[in-house]
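Below are the chains, spelled out letter by letter.
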Amino acid sequence: MQGKFRIAALVAAVMTLATATSIAQNQPSTPRQGQGQGQGQGQGQPQSTQQRQMERSTDQNRAAAHNRLQQREQGRNRTHAASAQNGKGQAGGQGIYGGNLMTEQERNQYRERLGSLGTEQERNAFMAQHQEAMQKRSKERKVPIEVTTE
């Protein structure tokens, strides 16, 4: 799930940059009708001002996209850390190791047990025991182990 959010954020950033780039590239190189020296403007002056404004706008768009990506990532990190401490079975956002080999009741019991453990050391020991049990179950059933987030 976390990978999907990262991909979506990257796609949004790329689209923003592509839009800004295409806008910058579509600027005319010669004055349009109604522009130019006939109205008291030098040919090079308005275009260079316009180009600087476009570059500034592009830089601002990049900075805004970068800030949005950082905020999303920080929010996801806080959510995953909170879920690990609250015992929702997603230590670090990783899900339940071997969840595909467990019944729904077993997954719920796993989450409850993980949440009831007081220290990080107890949680790590519990998860190590769980991992061994799931590896044994995987060999018995001849089913590959998956990490589930359900």
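Residues numbered from 1 in each chain as written. Predicted model: local features only at pLDDT ≥ 70, side-chain atom pairs only at ≥ 80, totals over all residues. Heavy atoms only, no water.

By size, the foremost hydrophobic cluster in this structure holds eight residues: Ile96, Leu101, Met102, Tyr110, Leu114, Leu117, Phe126 and Met134. For this core, the secondary structure elements donating two or more residues are helix 3 (104–116) and helix 4 (120–141). Every residue in contact with Met102, bar those within four places of it in the chain, is listed here: Ile96, Tyr97, Arg107, Tyr110, His130, Met134 and Arg137. (Core = buried A, V, L, I, M, F, W, Y, C linked by side-chain atoms within 4.5 Å. Buried < 20%, exposed > 50% of the residue type's maximum accessible area, 1.4 Å probe, protein only. Helix = DSSP H or I, 4+ residues; strand = E, 2+ residues; numbered from the N terminus. Contact = heavy atoms within 4.5 Å.)

Okay, the confidence of the model for the protein next. Summarising the model, the protein shows a mean pLDDT of 75, and 63% of its residues fall at 70 or more. Between the elements of the protein, mean pLDDT differs from a low of 68, seen in helix 1 (residues 2–25), to a high of 93, seen in helix 4. Residue range residues 28–42 is modelled with pLDDT below 50. Its contacts to residues more than four positions away, or to other chains, number nine contacts. Within the model, pLDDT remains below 50 along residues 87–92, and this stretch shows 19 contacts once partners closer than five positions in the same chain are excluded. (pLDDT = per-residue confidence, 0-100.)

With that settled, the discussion passes to the pattern of salt bridges. Counted by the stated rule, this structure contains three salt bridges. A salt bridge links Asp59 to Arg62, with the shortest nitrogen-to-oxygen separation between them at 3.7 Å. Here Asp59 and its partner Arg62 are both found in helix 2 (residues 44–86), three residues apart, which amounts to about one turn of the helix. Among the residues examined, Asp59 registers a relative accessible area of 45% and is labelled partly exposed. In this structure, Arg123 and Glu120 form a salt bridge, with 3.0 Å as the shortest nitrogen-oxygen distance. Taken together, the positions of Arg123 and Glu120, both in helix 4 and three residues apart, correspond to about one turn of that helix. Residue Glu120 is classed as partly exposed on the basis of its relative accessible area, which comes to 47%. (Salt bridge = Lys/Arg side-chain N within 4 Å of Asp/Glu carboxyl O.)

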